[in-house]
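Working through the structure, step by step
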Amino acid sequence: MTTTQTSPTATDSGRETQEGRLIVQGQDRPGVVAAVSATLAQAGANIVSLDQHSTDPAGGRFYQRTVFRLEGLGAARPRLEKALDREIRDGLGLEWRLSEAGKRKRVAIFASKTDHCLLDLLWRQQRGELNVKVEMVVSNHPDLADQVRRFDIPYFYVPVRNGDKKTAEQEHLRLLQGNVDFVVLARYMQIISGDFIRDVGVPIINIHHSFLPAFIGAGPYQKAKDRGVKLIGATAHYVTEDLDEGPIIEQDVVRVSHADATRDLVRRGADVERLVLARAVAWHAEDRVLRDGNSTIVFPT
C-alpha cells in the first residue's frame, strides 16, 4: 500500500473559547428544559440559544440543542460534566454530550477524480466558512494531489489493487483511527463496506447526485436527460450499511428544461452538490444535526 503526503496542516492556536454546545436527547418527559437550564445556571453559564423538538409530547423522543457561554469553560468543564451526569443522565435518564464551539471538528475527506465538492470544502475551510479542520484527503487515485497540496493538507493515495477493497480499507482505518471526528465522501466512487462503517467509529457523510433513490449508479445526468427531468438535485446523508438509504441531512434542487444539454445538467448539478454538501458539513460540525433512527432533526442556523 502506497501513500503520498503533502506538508502537514497547521495546528489550532489552542485559544480557549467561552462558548459551549450541549446536546440532550432521550424520552420526553416534564421538566427536561427546566433541568437543563437550572444545571447550566448553577454552573454560572448564560444560555445564548436553545432549540428543542419532541416527536410526541406524550412519551415521544426529545431533542435539545443549547448554546451557552461560560467563562473559563475549559477549566470548568469537569465540574459541569459531573453536574450533567447527576441531573440529566441519572436524574432524567437522558443522554447528553458537550462540545466547545472553539474546538474545530477534525475531518477526513475521501475523493476520487471528481474535484468540485472536494475543492469547495477546502476553499470554504480556508476562508473560515466551515468550523472544521481538514486533517487529510484520502483518494483511490493520485490525480488531485497537486490541487490539494495548494491548501497545505496531507494527501494520501490509497489505490484499490485488483479489486482488493479490504486491504485498502484497512489502510484507511490506520490513517483515520484517533485522528478525525467524522468523514466526508466528496464524490468518492467506491462502495463503503459494513465492516469499515462499524470499525471507523465516527459519522460518515456522503453526497449523492440526486434526490434519493433516483438515478442510482453511473451516468446519472445522462439518465436524467433521457427521462426528460425538470428538476435535478442532490442529497447529503449519513452513510449506513444500506446503500444510499442513510438519514438525510440536506437536499436541494435546481430547475432545468428540455433545452439543457447533458453538460448543462452536469454543471448545474455540480453547483447543487457543492452547496448541499457544504451545508451538511457545516451543520454537522456545529452540532445542529441529531439522528432519530433513520431520520434527522436539523436545528436552524
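An account of the accompanying structure is given in this report.

How each quantity is defined
Positions within a chain are numbered from 1, following the residues in the order the chain's sequence is written. With the structure being a predicted model, the display of local features is reserved for residues of pLDDT at least 70 and the display and counting of side-chain atom pairs for 80 or more, all residues being used for whole-chain, interface and lining totals. Values shown for side chains rest on all heavy atoms present in the structure; no hydrogens or waters enter the calculation. What makes a nonpolar core is a set of buried Ala, Val, Leu, Ile, Met, Phe, Trp, Tyr and Cys residues whose side-chain atoms join them at distances within 4.5 Å. Type-normalised accessible area, obtained with a 1.4 Å probe on protein chains alone, sets the label of each residue: buried when under 20%, exposed when over 50%, and partly exposed for intermediate values. It only takes one pair of heavy atoms within 4.5 Å for two residues to be counted as in contact. Only strands joined by at least two bridges in the DSSP assignment are considered to pair. Each helix is a run of DSSP H or I of at least 4 residues and each strand a run of E of at least 2, with the numbering of both proceeding from the N terminus. Every axis in this analysis is a line fitted to C-alpha atoms, fitted for helices over the stretch in contact. Angles between the N-to-C directions lie between 0 and 180 degrees. Two rings belonging to Phe, Tyr or Trp (six-membered ring only in the last case) form a pair when the distance between their centres is within 6.5 Å. Interplanar angles under 30 degrees mark stacking, angles over 60 mark edge-to-face geometry, and anything in between is tilted. Note on terminology: angles under 35 degrees are roughly parallel, angles over 145 are roughly antiparallel, angles of 65 to 115 are roughly perpendicular, and the others are oblique. Rotating anticlockwise by less than a right angle from the far helix to the near helix defines a left-handed crossing, while the corresponding clockwise rotation defines a right-handed one. We call Asp, Glu, Lys and Arg charged. Ala, Val, Leu, Ile, Met, Phe, Trp, Tyr, Cys and Pro are nonpolar, and the rest, Gly among them, are polar. Taking the helix axis as origin, the arc is that swept by the directions to the C-beta atoms.

The next subject is the nonpolar core. Ranked by internal contacts, the top residues of the largest apolar core, which has 36 residues, are I109, L118, L121, V132, L277 and V281. Excluding residues that lie within four positions of it along the chain, V281 makes contacts with L121, L130, V132, F182 and V184. Ranked by size, the runner-up nonpolar core spans 21 residues in total, among them V138, L173, L175 and V239.

In this section: the sheet that holds strand β4 (residues 95-100). Note on sheets: strands pair through backbone hydrogen bonds, and any given pair is parallel or antiparallel. Sheet architecture is open: 4 strands sit in the order β2-β3-β1-β4, paired in antiparallel fashion. In the strand order of this sheet, the two ends are held by β2 (46-54) and β4, each with one partner. Recorded for the sheet is a direction-independent mean angle of 15° between the axes of neighbouring strands. As defined by bridge partners, β2 adjoins strand β3 (residues 61-69) across 8 bridges and the pair is classed as antiparallel. Note that in β3 the partner of D51 across the bridge is R65. Each of β1 (19-27), β3 and β4 touches helix α2 (residues 73-92); the most contacted strand, β4, lies at about 170° to it.

Looking now at the packing of aromatic side chains. All chains considered together, the criterion is met by 2 aromatic pairs. An angle of 90° between the planes, with centres 5.3 Å apart, marks the rings of F110 and Y188 as edge-to-face. Here F110 is found in strand β5 (residues 105-111), whereas its partner Y188 is found in the loop between β8 (182-185) and α6 (194-200), with 78 residues between them in sequence. The exposure class of F110 is buried, given its relative accessible area of 1%.

Quick look at the sheet that holds strand β9 (residues 204-208) now. Judged by pairing direction, the sheet is mixed, and its 7 strands sit side by side in the order β7-β6-β5-β8-β9-β10-β11 without closing on themselves. Strands at the two margins of the open sheet, each flanked by one partner only, are β7 (155-157) and β11 (248-255). Strand after strand, the sheet turns through a mean of 20° between neighbouring axes, direction not considered. Sheet topology note: the β9/strand β10 (residues 231-238) ladder contains 4 bridges and is antiparallel. If you follow I207 over to β10, its bridge partner there is A236. Its contacts with the sheet place helix α8 (residues 262-285) against β5, β6 (132-139), β8, β9, β10 and β11, and it is angled at close to 155° to β11.

Let us look at unusual backbone geometry. Within the chain, N162 stands out as a residue other than glycine whose phi angle is a positive 55°. When you line up the elements, N162 lands in the loop between β7 and α5 (165-176). The class of N162 is exposed, set by a relative accessible area of 84%. Within the chain, D287 stands out as a residue other than glycine whose phi angle is a positive 60°. Given a relative accessible area of 3%, D287 falls into the buried group.

Next up on the list: the packing of helix α7 (residues 220-227) against α8. The N-to-C vectors of α7 and α8 enclose an angle of 120°; their axes lie 9 Å apart at closest approach. With respect to α8, the axis of α7 lies oblique. Once α7 is placed against α8, the crossing between them reads as right-handed. On α8, the residues touching Y221, Q222, A224 and K225 of α7 are T262, L265, V266, G269, A270 and E273. In terms of residue class, the contact of α7 with α8 is built from 5 nonpolar, 3 polar and 2 charged.

Attention now moves to the pairing of β10. The buried fraction of β10 amounts to 7 of the 8 residues, a majority that puts the element mostly inside the structure. Pairing geometry for β10 and β11, over 7 bridges, is antiparallel. Across the sheet, A234 pairs through a bridge with D252, a residue of β11.

Glancing now at helix α1 (residues 32-42). Of the residues making up α1, those classed as buried are V32, A35, V36, T39 and L40. Down the axis of α1, the sector holding all buried residues measures 125°, keeping them to one side. What points out from α1, more than 90 degrees from its buried face, is the exposed set A34 and Q42. As for α1, its buried residues are in contact with β1, β2, β3 and α2. G44 sits one or two positions beyond α1 and adopts a positive phi of about 90°.

Everything listed is a geometric property; what it means functionally is a separate question.
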